[in-house]
Amino acid sequence: FSHPEIAFSLICNDVTRLETNGNGSLAEVAYRVYGKEVAKNCVNVAFEDYDFKVSGVIVLPHVTRATKQYMTLFINGRIVHHYLIQKAILEAYRKYISPERYPICILNIEMDYQLVDVNVHPSKWEIRLSKEKQLYDLLAKQIHKEIHANMNVMEVDSPKTLVAPKPKVELQNLFEDVYVNDVKVKEEPVTYITEEVPVIIKEEKQPVEVKSTVVEQ
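Residues numbered from 1 in each chain as written. Predicted model: local features only at pLDDT ≥ 70, side-chain atom pairs only at ≥ 80, totals over all residues. Heavy atoms only, no water.

**Q** What exactly am I supposed to notice about the pairing of strand β7 (residues 105-111) here?
**A** Looking down a regular strand, the side chains alternate between one sheet face and the other. Most of β7 sits inside the fold, with six of its seven residues counted as buried. Alignment of strand β4 (residues 52-59) against β7, held across seven bridges, turns out to be antiparallel. Note on β7: the bridge partner recorded for I58 is C105. (Buried < 20%, exposed > 50% of the residue type's maximum accessible area, 1.4 Å probe, protein only. Helix = DSSP H or I, 4+ residues; strand = E, 2+ residues; numbered from the N terminus. Pairing = 2+ DSSP bridges.)

**Q** Quick question: what am I supposed to make of the side chain of T72 here?
**A** Its place among the elements puts T72 in strand β5 (residues 71-75). If near-sequence neighbours (up to four positions away) are discounted, T72 is found in contact with F1, Y34, I79, C105, I106 and L107. (Contact = heavy atoms within 4.5 Å.)

**Q** Hey, could you run me through the sheet that holds β5 in this one?
**A** Backbone-to-backbone hydrogen bonds pair the strands of a sheet. The strands run either parallel or antiparallel. Taking strand neighbours across the sheet as the criterion, the five strands line up as β3-β4-β7-β5-β6 in an open arrangement whose pairing is mixed. Only two strands of the sheet have a single neighbouring strand rather than two, namely β3 (42-48) and β6 (78-80). The mean angle between the axes of side-by-side strands here comes to 20 degrees, regardless of whether they run parallel or antiparallel. The strands touched by helix α1 (residues 26-34) within the sheet are β3, β4, β5 and β7, with β4 carrying the most contacts at an inclination of about 45 degrees. (Axes fitted to C-alpha atoms, helices over the stretch in contact; angles between N-to-C directions.)

**Q** When you look at the pattern of salt bridges in this model, what are you seeing that I'm missing?
**A** When their charged atoms lie close together, side chains carrying opposite charge are able to pair. Enumeration over the complete set of coordinates arrives at five salt bridges. Across the salt bridge formed by E91 and R94, the nearest N and O atoms sit 3.3 Å from each other. For R94, a relative accessible area of 49% puts it in the partly exposed group. Here D137 and K133 are joined by a salt bridge, their closest N and O atoms 2.7 Å apart. With a gap of four residues between them, D137 and K133 both fall in helix α4 (residues 132-150), about one helical turn apart. We classify D137 as partly exposed; its relative accessible area is 36%. Among the residues examined, K133 registers a relative accessible area of 57% and is labelled exposed. (Salt bridge = Lys/Arg side-chain N within 4 Å of Asp/Glu carboxyl O.)

Read these as spatial facts, not as claims about activity.
So this is what it looks like as structure tokens:
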């Protein structure tokens, strides 16, 4: 992953297990190592600030893994393990994957050699960085930005208020007879507007009149 421009072949028992063509494409190397589904969701990234320059590929959260081993990190071309860098990447993916899943990425971070101390562990896997908080913020912000820009997020419309239809209005052109001294003179057009208005009928109890009868003894 650190040198995709170099062709590589892995042959075991005369069978080619892995082969890259050395065309410089990290996505192509990811395809050879991780398969088609990962390569299809790869996004090339490149961003920097005054002290750090980051390049590589991230895989969209459609494809995840159960361990952190697929978060491949390089510092100035050297593969490393660094808890804070992994935490920054997880923060960028936090809204898109469940807590028990981990993203796939291949990132190379270039920086001044004075900002990194490689003499922390004999294996050289673990390192100590200066300006860790600055690098954390850069990774978390920019990786989240790239994920959001390349995700097909379905937008959900806000609920709409249902408006009841207006009552139907009909216009009827009728003619009204005009009479003068009981003699029909002419027919005048008259416009009537009728509306369909719901009628609510309430049952009302009629008062019962009680008459008292006095019986004389």
